[in-house]
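Structural features, examined
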Amino acid sequence: MKRFIFLMLMGLSLNVFAHDDGGILGENADAVDYFMVSCSADSDRMYFNISTSTTKPLLSAQVVKGTFATNIPTSRGGVEISQGGGSYRITVNKNGFGKVGYSFEYHCENGGEHTETDITRLQ
Amino acid sequence: MKKIAQKTLLSFIALSAMESAFALDSGAKNLTATEGATDYFKINCAGDTDHLNFKLFEGAANSVVETPATPSQLFNATLTKLKLTTIVSVIEVGTNKEITLKGGNGAYTLALDTFGTNLSVKTAQTYSVQYQCLSATKKITAGSSTLTKQSIESAKKTLANGKTAKYIINCAKDKTNGNTDSLVVKLINKTTAVAKSASTASSALAPSGDLTAQVIKGAIAKNTTGEEAIDVQNGSGKYDVLVNSPTNKALPYHFEYSCLNTKNVDAQTAPFQLLQDQ
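Relative to the elements of secondary structure, Lys-42 of chain B occurs in strand E3 (residues 38–46). Looking at Lys-42 of chain B, the number of C-beta atoms within 10 Å reads 14, which means it is partly exposed.

What follows covers the interface of chain A and chain B. The partner chain B presents 25 residues to the 24 residues of chain A that form the contact. Broken down by secondary-structure element, the contributors of at least two residues to the side of chain A that touches chain B are strand E4 (59–65), strand E5 (68–73) and strand E7 (86–94) of chain A. The biggest single contributor to the side of chain A that touches chain B is E5 of chain A, with six residues. Counted by class, the side of chain A that touches chain B contains 12 nonpolar, 10 polar and two charged residues.

Glancing now at unusual backbone geometry. The step from Lys-56 of chain A to Pro-57 of chain A runs through a cis peptide bond, and the omega angle for that step is 0°. Summarising the element assignment, Pro-57 of chain A is placed in the loop between strand E3 (45–51) and E4. With a phi angle near 70°, Ser-151 of chain B is a residue other than glycine that sits in the positive phi range. Mapping Ser-151 of chain B onto the fold places it in the loop between strand E11 (142–145) and strand E12 (157–159).

On to the environment of Pro-246 of chain B, then. When you line up the elements, Pro-246 of chain B lands in the loop between strand E19 (237–244) and strand E20 (251–260). Accessibility expressed as a C-beta count within 10 Å gives 24 for Pro-246 of chain B, which makes it buried. A sequence separation of 211 residues divides Pro-246 of chain B from Glu-35 of chain B, and the C-alpha atoms of the two residues are 9.8 Å apart. Not counting residues within four places of it along the chain, the set of residues in contact with Pro-246 of chain B comprises Leu-58, Ser-60, Pro-73 and Asn-95 of chain A together with Thr-212 of chain B.

To continue, consider the nonpolar core. Residues and elements named next belong to chain B. Among the nonpolar cores identified, the biggest contains 56 residues, and Leu-52, Val-215 and Val-241 are the most heavily contacted of them. Residue contributions to this core peak at six residues, all from E20. The contact partners of Leu-52, leaving out residues within four places of it in the chain, are Ile-43, Cys-45, Val-215, Val-232, Tyr-239, Tyr-257 and Cys-259. Of all hydrophobic cores here, the second largest spans 20 residues; its members include Leu-79, Ala-124, Tyr-127 and Leu-159.

Thresholds applied
- Residues numbered from 1 in each chain as written.
- Chains lettered and ligands numbered in written order.
- Predicted model: local features only at pLDDT ≥ 70, side-chain atom pairs only at ≥ 80, totals over all residues.
- Helix = DSSP H or I, 4+ residues; strand = E, 2+ residues; numbered from the N terminus.
- Buried ≥ 20, exposed ≤ 12 C-beta atoms within 10 Å, placed from the backbone.
- Contact = placed C-beta atoms within 7 Å.
- Nonpolar A, V, L, I, M, F, W, Y, C, P; charged D, E, K, R; others polar.
- Core = buried A, V, L, I, M, F, W, Y, C linked by C-beta atoms within 7 Å.

Dropping the structure here:
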């Protein structure tokens with residue numbers, strides 16, 4: 001019982017730092033959901049992880065900051081993107097026709113610490 | 001049945017050739033199998049761009065053939081008043097010419113056409129006009145037109161190939177400088193030569209879903225697997241293009257792009273800038 005309460009508290013404490021979002025991409029293959037994550041100036045990177053329960057079409061996200069861009073298919077898992085503080089642009093899309101629901105986790109970080117993190121949905 | 005199929009194929013080939021006549025091609029590109037690999041380009045659209053038209057092609061480009069610059073686009077001007085006519089021909093891209101008619105006071109008609117332009121060129125031409133009504137001693141008399149005020153260069157106009165534009169310019173007596181003796185019109189061809197540096201003969205494959213591209217500008221983003229061309233409508237300025245693979249496959253590809261105005265004619269498409277090649 002003590003162990004159960006401890007795990008419950010651990011869960012609550014982790015949720016304090018969790019940043020999660022998600023959405024549903026429409027049927028069309030050209031559909032894109034578009035977010036902007038703002039990391040405070042003291043951040044040195046952003047963590048990003050996207051997942052879906054759908055296997056087809058394949059879902060990917062792209063993270064762009066300045067002249068850097070990377071592709072994050074759901075198969076890639078969590079990625080640390082070391083591009084400092086500022087705005088990270090995130091696009092979410094798929095490789096074919098069909099609705100896809102998804103969720104993602106994101107945090108701005110400095111070393112092992114979470115830093116101020118905001119998100120805006122652009123599209 | 002076979003004939004119909006052949007005709008359809010020929011029409012398709014002709015249409016493809018026509019489309020590529022005014023789109024710029026990226027030339028052969030390769031995406032590596034590196035995890036997260038993304039090629040990143042910026043395309044600058046200037047002028048009166050309304051949207052960027054973008055088409056992704058999966059597959060190896062067989063060859064990249066250097067083609068000569070787009071054949072000359074030119075326009076001609078005719079100035080008439082009653083039975084008097086002056087013609088000036090061949091005002092080439094980036095040049096200007098003057099046309100004069102000694103017709104006294106009254107209404108002059110300025111007609112512009114594109115006769116002599118290579119008909120395969122579909123890009124509309126842009127130009128501006130400036131005029132002055134002059135006395136016999138070359139002093140400015142009274143002049144007016146809906147086109148623009150006297151001595152002031154008009155706003156940029158467009159003229160599609162094969163079309164004619166007509167304007168009326170009125171010259172009258174001026175209180176100080178007396179009667180009009182002649183009308184001088186300066187024609188400035190502002191068309192930007194479409195610099196299609198390379199055309200890619202491609203063995204384009206049907207999209208497999210292994211290659212995707214995103215076109216982004218401001219708060220607007222679109223995705224494509226290359227099934228069909230996409231239009232991203234966000235005016236002039238820089239459009240970001242990302243090319244990547246959801247399956248982390250190494251793939252050859254190329255893309256065509258064109259900055260178009262609201263009439264779907266080329267605005268000003270500059271060659272892309274490569275920001276990241278992976």
